[in-house]
Amino acid sequence: ERKYLKRISISKTEEAEKALAGTPIPFHSIDIPLSAPSNISVRAVTENRPFATSDWAELLCPPYTVDEARQVQKAIGIKNSMVFPVISKNKAIGILIFSMIKDEESVSMDEMDLIKSFTDVVGLAVQNSTLYSSLEKTSRDLEDANERLKQLDKLKDEFVSLASHELRTPMTIIKSYLWLFMDKKKGQLTDKERTYLERAYDSTERLIKLVNDM
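Residues numbered from 1 in each chain as written. Predicted model: local features only at pLDDT ≥ 70, side-chain atom pairs only at ≥ 80, totals over all residues. Heavy atoms only, no water.

(A) View of the sheet that holds strand S3 (residues 51-53). Strand order in the open sheet made by the three strands is S3-S4-S5, with antiparallel pairing throughout. A strand with exactly one partner marks an edge of an open sheet, and here the two such strands are S3 and strand S5 (91-100). Between one strand and the next, the sheet's axes are offset by a mean angle of 20°, whatever the strand orientation. Where strand S4 (residues 80-88) lies against S5, nine bridges are found, and the strand directions are antiparallel. Considered in S5, the bridge of Ser 81 is made with Ser 99. Helix H5 (residues 109-184) rests against S4 and S5 of the sheet, and its axis sits at about 35° to S4. (Pairing = 2+ DSSP bridges. Helix = DSSP H or I, 4+ residues; strand = E, 2+ residues; numbered from the N terminus. Axes fitted to C-alpha atoms, helices over the stretch in contact; angles between N-to-C directions. Contact = heavy atoms within 4.5 Å.)

If you want it as C-alpha cells, here you go:
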C-alpha cells in the first residue's frame, strides 16, 4: 500500500551478522520503492517469479548506491542471491532473499527444492495468519454488536415500561371519570350524549388493553 518493500527480518547466520555490522543503512530502513523496476526484489513481486543474481547492486539499489552494495557484498563474501516471491492467494505479498557464499551453479537440486518448499510454507503461514486475524476481528465485531444489541434491548424494555406506565395512568383516570359521569348523570343525558360518552369509554378501554399488551 505504501509502494515499497520493507525489510522485516534477517537470519542469525555469521554472514547476516556481518551484513548488519557493515551496512551503511540500518537494516530495517532498507526500503526498496516499487518504482525501481530494475531491482530484482521489485521484479520478483511485480512479475511473481524468482530471480537470481551475483551482483548485490541489482538487489539493494536503491536505497544503496552501486558501490555501497558491492562493497557490503564483498565484505560478507556473498557470491549468489536468490529472490523468491512469497505467494498468498495467488498474489505476491513479499519476498524471501537467500544469499549464499557459493555460486548458483553449486546449488544442488535438493537445496533448490528445500528453498522453494520453505517459501511455499511461509506463504501459506502468512495466508493462514491473515485469515485467523480476520476471523478474530470478525468475532470481536460480532461480540461488540451483540453487546450493543443487549444494551439496546435493555433500553427498549425500559422505554416500553416507562411509556406504558405514563400512558396507562392518564387513560385509567379518564376511564374512571367517564364511568362516574355516565353513572351519576343517567337520567340527565340525551341518547346522543350517552352514545358519545360510551364510545369514549370503550375507546379508552381499548387503549388501556393495547398498553397492557405492549
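(B) Examining the packing of H5 against helix H6 (residues 191-213) more closely. Following both chains from N to C, one finds H5 and H6 inclined at 155°, their axes separated by 9 Å at the closest point. Classified by the interaxial angle, the pair formed by H5 and H6 is roughly antiparallel. Crossing of H5 over H6 shows left-handed handedness. Contacts between H5 and H6 involve Ser 164, Leu 167, Arg 168, Met 171, Thr 172, Ile 174, Lys 175, Leu 178, Trp 179, Phe 181 and Met 182 on the former and, on the latter, Arg 194, Leu 197, Glu 198, Ala 200, Tyr 201, Thr 204, Glu 205, Leu 207, Ile 208, Val 211 and Asn 212. Residue classes in the contact of H5 with H6 are distributed as 13 nonpolar, four polar and five charged. (Parallel < 35°, antiparallel > 145°, perpendicular 65-115°, else oblique. Left-handed = near helix turned anticlockwise from the far one by under 90°. Nonpolar A, V, L, I, M, F, W, Y, C, P; charged D, E, K, R; others polar.)

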